[in-house]
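Here are the chains, one letter per residue:
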Amino acid sequence: MAYLGDYHTHTTYSRRGKKLHAVGSVLENARAAKAAGLKELAITDHGYAHYYGISGKKAFERLKSDCTAAEEETGVKIYAGLENNLDPRSGKSNEFAPLIDCDETVLADLQIVQGGYHAMVGMPTLFGNMLFWARNVIFKFLPGRKKLIERNTAAYKRLIDEYPIDFIGHPNRGIMADVVEVAKYAHSRGVYVELNGRHKSLKKREIKAMVDAGVEFICSSDAHRPASVGKMPLADKLIKKYNIPYGLIANWNRLPEFRSRSFRSAREQKETHTEKDA
């Protein structure tokens, strides 16, 4: 019994100029995945809006080509993806789209779609980002906390509804939402909730409530170097500590069924019907 896939890893495409956020190439990650006995691997470098985000559409095209070549060499199925970021303003107003990291043409090319939140990403100004981060992380008992949680929860739900999200990455890390409500909503729509191998973002009571609701998890390494691919120490610890049934781990001794393809197909059919009706 073992993990068969790792769906959240980074490479040297996560960078800012010459300053690297992760080390190791796509091929090196793929070779590490093969050595670890994995059947599948996702490359999910940071989206455009992140400080270390991939540098545009042409860079993503190169990443895709690298994934194809690495899959051919190693025999490991390689998904080309991005770690997309949630714009929390979308929970307050429909004026803002929930996803801020790439245009529709690149989104359509993603072979796996992760959605989540990173601090200092989303607001139009540095001050706005700092204020949002402070309200979420430092001043948790400020007046307006309840309303903030409601807005952030709504933003997560819009992200799930409007984009072909396959899983929610490290939910509630740096942001306050009703994560149990988000997880249940995600589960009802075929979206997995990540147990991140590096970052703890869920509380005991939240995990237990998710388990009771039958929420399905996906465990990922969030590797920033090839040596970490397939290694999920924190996720392993949470599974054992809180008695999470392995039957709820989508990549434990089975391969996940990602919804992005069916989501896109359903949206295309809806758009076609709308055009015909018009």
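Residues numbered from 1 in each chain as written. Predicted model: local features only at pLDDT ≥ 70, side-chain atom pairs only at ≥ 80, totals over all residues. Heavy atoms only, no water.

K.L.:
Please clarify how the pairing of strand E6 (residues 112-116) should be interpreted in this entry.
P.N.:
Side-chain direction in a regular strand flips from residue to residue, so the side chains alternate between the two faces of the sheet. Where burial is concerned, most of E6 is hidden: 5 out of the 5 residues are buried. For the crossover from strand E5 (residues 77-85) across helix H3 (residues 104-109) to E6, the handedness is right-handed. Pairing geometry for E6 and strand E7 (residues 167-168), over 2 bridges, is parallel. Each residue of the ladder has a partner; that of glutamine 114, found in E7, is phenylalanine 167. (Buried < 20%, exposed > 50% of the residue type's maximum accessible area, 1.4 Å probe, protein only. Helix = DSSP H or I, 4+ residues; strand = E, 2+ residues; numbered from the N terminus. Right-handed = clockwise from strand over helix to strand, strands pointing away. Pairing = 2+ DSSP bridges.)

K.L.:
What is the right way to look at the confidence of the model for the protein in this model?
P.N.:
When pLDDT is low, close inspection of the predicted coordinates is not appropriate. Mean pLDDT over the protein: 91, with 95% of residues reaching 70 or higher. Across residues 272-276 the pLDDT falls below 50, and counting only partners more than four positions away or on other chains, this stretch makes 0 contacts in the model. (pLDDT = per-residue confidence, 0-100. Contact = heavy atoms within 4.5 Å.)

K.L.:
Would you take a moment to explain the sheet that holds E7 for this structure?
P.N.:
Sheet strands pair by backbone hydrogen bonding; their relative direction is either parallel or antiparallel. Taken together, the 7 strands give an open sheet; going across it, the order is E1-E4-E5-E6-E7-E8-E9, and neighbouring strands pair in parallel fashion. Strands with a single pairing partner mark the edges of an open sheet, and in this sheet they are strand E1 (5-6) and strand E9 (217-220). Relative to strand E8 (residues 192-196), E7 is paired through 2 bridges, and the arrangement is parallel. Paired with isoleucine 168 across the bridge in E8 is valine 193. Seen against the sheet, helix H1 (residues 26-35) touches strand E4 (40-46) and E5 and runs at an angle of roughly 145° to E4. (Axes fitted to C-alpha atoms, helices over the stretch in contact; angles between N-to-C directions.)

K.L.:
It is not clear to me how the pattern of salt bridges should be interpreted in this structure. Could you clarify?
P.N.:
Oppositely charged side chains may form a pair once their charged atoms are brought near each other. Scanning all chains against the criterion turns up 8 salt bridges. Among the salt bridges present, the one from glutamate 73 reaches arginine 31, with a minimum N-O distance of 2.9 Å. With glutamate 73 in helix H2 (residues 57-74) and arginine 31 in helix H1, this residue pair connects regions lying 42 residues apart in the sequence. Of the residues examined, arginine 31 reaches a relative accessible area of 44% and is grouped as partly exposed. Salt-bridge contacts for glutamate 181 lead to lysine 157; the nearest nitrogen and oxygen are separated by 2.3 Å. Here glutamate 181 is found in helix H6 (residues 179-188), whereas its partner lysine 157 is found in helix H5 (residues 145-162), with 24 residues between them in sequence. (Salt bridge = Lys/Arg side-chain N within 4 Å of Asp/Glu carboxyl O.)

K.L.:
Just checking my understanding: could you explain the environment of valine 121 for this structure?
P.N.:
Along the chain, valine 121 falls in the loop between E6 and helix H4 (126-138). Taking relative accessible area as the criterion, valine 121 reaches 4% and is therefore assigned buried. Once the C-alpha coordinates of valine 121 and tryptophan 133 are considered, the two residues, 12 residues apart in sequence, prove to be 9.5 Å apart. Not counting residues up to four positions away in its chain, the partners in contact with valine 121 are Ala49, His50, Asn85, Leu86, Pro88, Ile100 and Asn129.

K.L.:
Would you take a moment to explain the nonpolar core for this structure?
P.N.:
Grouped burial of nonpolar side chains is what soluble globular proteins tend to show. Among the nonpolar cores identified, the biggest contains 46 residues, and Leu41, Phe60, Leu63, Ile78, Leu110 and Tyr156 are the most heavily contacted of them. Counting only elements with at least two residues in this core, the list comes to H1, E4, H2, E5, H3, H5 and H6. The element contributing the most residues to this core is H5, with 6 residues. Counting residues in each nonpolar core, the second largest holds 23 residues, with Val180, Ile239, Leu248 and Ile249 among its members. (Core = buried A, V, L, I, M, F, W, Y, C linked by side-chain atoms within 4.5 Å.)

K.L.:
Explanation requested: the side chain of glutamate 194 in the structure shown.
P.N.:
With respect to the element layout, glutamate 194 can be found in strand E8. The charged side chain of glutamate 194 is buried without a salt bridge, its nearest counter-charge being arginine 173 at 8.9 Å. Looking at glutamate 194, its side chain comes within polar contact range of the side chain of histidine 8, at 2.8 Å. Among the polar contacts made by the side chain of glutamate 194, one reaches the side chain of asparagine 196 at a distance of 3.2 Å. Setting aside anything within four residues of it in sequence, one finds glutamate 194 in contact with His8, Gln114, Phe167, Ile168, Gly169, His170, Pro171, Leu202, Ile218 and Ser220. (Lys, Arg positive; Asp, Glu negative; His and termini not counted. Polar contact = N/O pair within 3.5 Å; in protein donor to acceptor, adjacent residues only side chain to side chain.)

K.L.:
For this particular structure, what's the right way to read H5?
P.N.:
Residues that lie three or four places apart on an α-helix share one face, since the helix turns once every 3.6 residues. Along its 18 residues, H5 runs 26 Å from first to last C-alpha, staying within 8% of the 26 Å computed at 1.5 Å per residue. Among all positions of H5, only Leu148, Ile149, Asn152, Thr153, Ala155, Tyr156, Arg158, Leu159 and Ile160 are buried. (Expected span 1.5 Å × (residues − 1).)

K.L.:
Where do I start with the packing of aromatic side chains in this structure?
P.N.:
Each pair of aromatic rings is reported with the distance of its centres and the angle of its planes. Per the stated rule, a full pass over the model turns up 8 aromatic pairs. When the centroid spacing of 5.0 Å and the interplanar angle of 85° are considered together, the rings of tyrosine 3 and tryptophan 252 count as edge-to-face. In this pair, tyrosine 3 sits in the segment before E1 while tryptophan 252 sits in the loop between helix H8 (233-241) and helix H9 (260-277), placing the two residues 249 residues apart along the sequence. Both residues of the pair, tyrosine 3 and tryptophan 252, belong to the buried class. When the centroid spacing of 5.8 Å and the interplanar angle of 65° are considered together, the rings of tyrosine 117 and phenylalanine 132 count as edge-to-face. In this pair, tyrosine 117 is assigned in the loop between E6 and H4 and phenylalanine 132 in helix H4, connecting sequence segments 15 residues apart. (Phe/Tyr/Trp six-rings, centres within 6.5 Å; stacked < 30°, edge-to-face > 60°.)

K.L.:
I'm lost on the packing of H5 against H6 in this one. Help?
P.N.:
A pair of packed helices can be characterised by two numbers: the angle between their axes and the separation between those axes. Orientation of H5 relative to H6, taken along the N-to-C sense of each, is 15°, at an axis distance of 10 Å. In terms of orientation, H5 and H6 fall into the roughly parallel class. The handedness of the crossing between H5 and H6 comes out as right-handed. Between H5, through Thr153, Tyr156, Lys157, Ile160 and Asp161, and H6, the contact on the second element is made entirely by Glu181, Val182, Tyr185 and Ala186. Tallied by class, residues from the contact of H5 with H6 come to 5 nonpolar, 1 polar and 3 charged. (Parallel < 35°, antiparallel > 145°, perpendicular 65-115°, else oblique. Left-handed = near helix turned anticlockwise from the far one by under 90°. Nonpolar A, V, L, I, M, F, W, Y, C, P; charged D, E, K, R; others polar.)

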